[in-house]
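Descriptive analysis of the structure
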Amino acid sequence: MRVFSTDHKVVGLQYGLTSLVFLLLGFLLILTLRWHLAWPASPLPLIGGILGDTRAIDGILLPEFYNQLGAMHGTIMVFLAVVPLAVGAFGNYLVPLMIGAPDMAFPRLNMASYWTYLAAGIVMLAGFVLPGGAANSGWTSYPPLAILASSGQTAWLAGMLLLIASSLFSSVNMIVTIVQLRAPGLTFMRLPFFIWTQLVTSFLLLLAFPALQAAAILQLMDRVAGTSFFLPAGLVVSGEPLHVSGGGSPILWQHLFWFLAHPEVYVLILPALGIVAEVIANITRKPLWGYRAMVGSALFMAVMSFLVWAHHMFLTGMGPTMSAFFQVTTMIISVPSVVIVSALLLSLYGGSIRFTVPGLFALAFLPMFGIGGLTGLPLGLAASDIPLHDTYYVVGHFHYVVAPGTLFALFAGIYYWFPKVTGRDMNPLLGKLHFWGSLIGMNGIFLPMLFQGLHGLNRRLYDGGRSYEMFSTFDGSFRGQAWSAVFLGVVQVFFVVNLVWSLARGRRVSGNPWNATTLEWATPSPPPHDNFATTPVVHRGPYDYSVPGAPQDFVLQSER
Amino acid sequence: MIPYTVDRRADTGVTNVTLGIWLFLASEVMLFGALFSAYALLRVSAPAWPAGRTVLDITPALVNTGLLVVSSALVWRATRVAPVPMGRVAISTLLALAFLAFKTLEYRDDAARGLLPETSTFLALYFTLTGLHALHVAGGAMANVWLMAGRRVDARVTAGRARALALYWLFVDAVWLVIFTLFYL
């Protein structure tokens, strides 16, 4: 296997391995932070002594390093781990296989997309060795703070510009591939739901990310060329008036940032819904319930996601007219998500469900994403958002969406398609240990956050709020969360061992071990260089499970 | 060989390259759209805003407008002839480089007059937007060179690339005309 390959399968695996490494790194950063929150006055075990004087004194985290951990955890998880895993890895590897194409439409652009992404990640991480450390103004990089921050923020911006270029290459490629390279007979309404989610996701990335590109260019100018796009006049820093021309607007950054970052939420969730849909159809041995409604909902959700961004900004003091508009659009956008999750739930009805490892992850996704989604509703209304916004409630809400939500779907996808990639099965016992451990660990971390937030615990405090008497009762829950995080880390060992062990020793399986229907299972595992010996011709919809009169309980899309 | 690289797909009516360039331009529209929105927001919230002609010299901008329009027209005309006449693409590339040279001189002149990005929000926007536009001109010039370097590949592949490039140049023109209106008039 060549390292500089244009084969979509190689690029997909490169994306997958790199993003899993980033996922682990992002987790280790926040594990450090969670331990510190539980015991803010005690030295960190194991790593406390090796962090160096700029990060910790006597093994106790410094506030500056705490800020770096939080900012880089968010950035790494959203931009370098979850999206590249969901779109770069799953999208690249599976889309050509599932639509019966020999490769992506622009293979060299595809390769360029991966290497640009890797460069972006390295540039961002390089911030950790700069004086002042990595970016420390939150994953949202709000000015004026971000403009006054140490040079790690410049690395963050440079990395972000590269990352958005990479995302542009990949989203153009993905849309052209899906529209142009579908096998004969594979009409749009015969596309697997996963392909629809990748198509919609790519449109979101294509059209939303440029807003952050623009914002990052402006912030870079503010930092290196002395402009004041986001700096108002009369700013006083540490008692000294700031010598800039002024006239800028910090709120402008927030508008541009959230114009990207709200569609980004759907970029995080749509591919996950796609994976869960494929797995659920497979384990219930039934067609998906309401496929057309799901497709329509995904499209509607994509359009609406460009109209809700300012619900992240109720605290900026926007007028009642604007906040009314964004509250209404926010309530509307919750409908299509509910439609999709309800359709998946109804798909289970009457099915003889096979509790495979991918099946367990996909089934657990539904209630976990449900909690994440429903806890979001109070945040979409200004009256309840204003008291909750700066509390751990918000952190709990979006982590339910992304961690036991999206990440569980991505794990489901890894267990489900591993046999396709390697021709070998993953060990189901280790998989089940990984699943149950992760379910317990994640809920142990995120469920307390919702209650902490409802009690008003502020989410930005270095010592977890110990210096305030009203926040002094959270010691127990902080410690429970820290131990849950450690436990979550330990059970990931089952996953890593399973991945490595199965690669070499896993049970050899046929080209279609799950008896699935979509095109990627119509070719050997692992697929050969051009995917299919002859271009498949599609004769039916994506989920022909348990067709009455058929000899088996599944019919491949390419079968007549 | 990837299907539909040179042939149109019957049910979509386009080649991969055509669809790809339109998607790329859609993304570019969002990028410049975001920047022009930032311009609008900063301008309406500013207590005073200078008329562009009172700050900047319009002469080099007029020359540059001419260079850019002729340059992209040459690429556009080149797509109407088969095989793609590389001489016209070469002249277009030289005109694009002339645009960049003029722009550099203009920046130097601005700086000599004390007009810098940090001077005012108007100038900050001027340098950022014209700078980003100049990067697009440089990118287009490089793409022209790439088109010429690949002239030995299949003539139909080259023709497809040239059509995509011509669309890109039209976009670069359109952005320039907006910039010209916003900053020099």
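None of the values given here were measured: they were computed from a predicted structure. (Residues numbered from 1 in each chain as written. Chains lettered and ligands numbered in written order. Predicted model: local features only at pLDDT ≥ 70, side-chain atom pairs only at ≥ 80, totals over all residues. Heavy atoms only, no water.)

Let us now look at the overall build of chain B. Across its full length, chain B carries six helices and zero strands. Reading chain B from its N end, one meets helices and strands in the order α-α-α-α-α-α. Seen along its three principal axes, the alpha-carbon backbone of chain B occupies a region of about 55 × 35 × 20 Å. Within chain B, counting contacts between residues at least 6 apart in sequence, those at least 24 apart form 75% of the total. When the accessible surface of chain B is split by element, carbon and sulfur atoms take 69% of a total near 8700 Å². Taking the average place of the 15 positive charges on the side chains of chain B and the average place of its 10 negative ones, the gap between the two points comes to 9 Å. (Helix = DSSP H or I, 4+ residues; strand = E, 2+ residues; numbered from the N terminus. Contact = heavy atoms within 4.5 Å. Areas by Shrake-Rupley, 256 points an atom, 1.4 Å probe, with all protein chains shown as cover. Lys, Arg positive; Asp, Glu negative; His and termini not counted. Charge placed at Lys NZ, Arg CZ, Asp CG, Glu CD.)

Ranked by size, the top nonpolar core spans 249 residues in total, and within it A:Phe193, A:Leu212, A:Leu273, A:Leu344 and B:Phe183 carry the most contacts. If we skip the residues at most four places from it in the chain, A:Leu273 touches A:Phe193, A:Ile340, A:Val341, A:Leu344, A:Phe365 and A:Phe369. (Core = buried A, V, L, I, M, F, W, Y, C linked by side-chain atoms within 4.5 Å. Buried < 20%, exposed > 50% of the residue type's maximum accessible area, 1.4 Å probe, protein only.)

What follows concerns the interface of chain A and chain B. Counting residues at the interface gives 37 residues for chain A, matched by 33 residues for chain B. Here chain A packs against chain B, burying approximately 2800 Å² in sum over the two surfaces, 73% of which is carbon and sulfur. Among the residues of chain A in contact with chain B, A:Gln180, A:Phe229 and A:Leu252 are the three that bury the most area, contributing 20% of the side total. At the junction of chain A with chain B, the criterion picks out one salt bridge. Between A:Arg182 and B:Asp11 there is a salt bridge, with its nearest N and O atoms 3.8 Å apart. Inspection of the chain A/chain B interface yields eight residue pairs in polar contact (both at pLDDT 80 or more). For the side of chain A that touches chain B, the elements supplying multiple residues, two or more each, are helix 3 (107–126), helix 5 (152–180), helix 6 (193–224) and helix 7 (250–284) of chain A. Examining the composition of the side of chain A that touches chain B, we find that ten residues originate from one element, helix 6 of chain A, more than from any other. Looking at the side of chain A that touches chain B residue by residue, the classes come out as 25 nonpolar, nine polar and three charged. (Buried area = accessible area lost by both parts, 1.4 Å probe. Salt bridge = Lys/Arg side-chain N within 4 Å of Asp/Glu carboxyl O. Polar contact = N/O pair within 3.5 Å; in protein donor to acceptor, adjacent residues only side chain to side chain. Nonpolar A, V, L, I, M, F, W, Y, C, P; charged D, E, K, R; others polar.)

Residues and elements named next belong to chain B. Model confidence for chain B is summarised by a mean pLDDT of 94, while 100% of its residues fall at 70 or above. Taken element by element, chain B is modelled with least confidence in helix 2 (residues 52–55), mean pLDDT 92, and with most confidence in helix 1 (residues 16–44), mean pLDDT 97. Across the whole predicted complex the pTM is 0.96, and at the interface the ipTM reaches 0.96. (pLDDT = per-residue confidence, 0-100.)

Going through the model one piece at a time under the given rule, you end up with 13 salt bridges over all chains. A salt bridge links A:Arg285 to A:Asp553, with the shortest nitrogen-to-oxygen separation between them at 2.9 Å. Separated by 268 residues along the polypeptide, A:Arg285 in the loop between helix 7 and helix 8 (291–304) and A:Asp553 in the segment after helix 14 (475–505) bring together distant segments of the chain. What makes A:Arg285 buried here is its relative accessible area of 5%. Here A:Asp425 ties to A:Arg507 by a salt bridge, and the two come within 2.8 Å at their closest N and O atoms. Residue A:Asp425 is located in the loop between helix 12 (392–422) and helix 13 (428–454), and its partner A:Arg507 is located in the segment after helix 14; the two are separated by 82 residues in the primary sequence. A relative accessible area of 15% places A:Asp425 in the buried class. Through salt bridges with shared partners, a single ionic network connects A:Arg182, B:Arg9 and B:Asp11.

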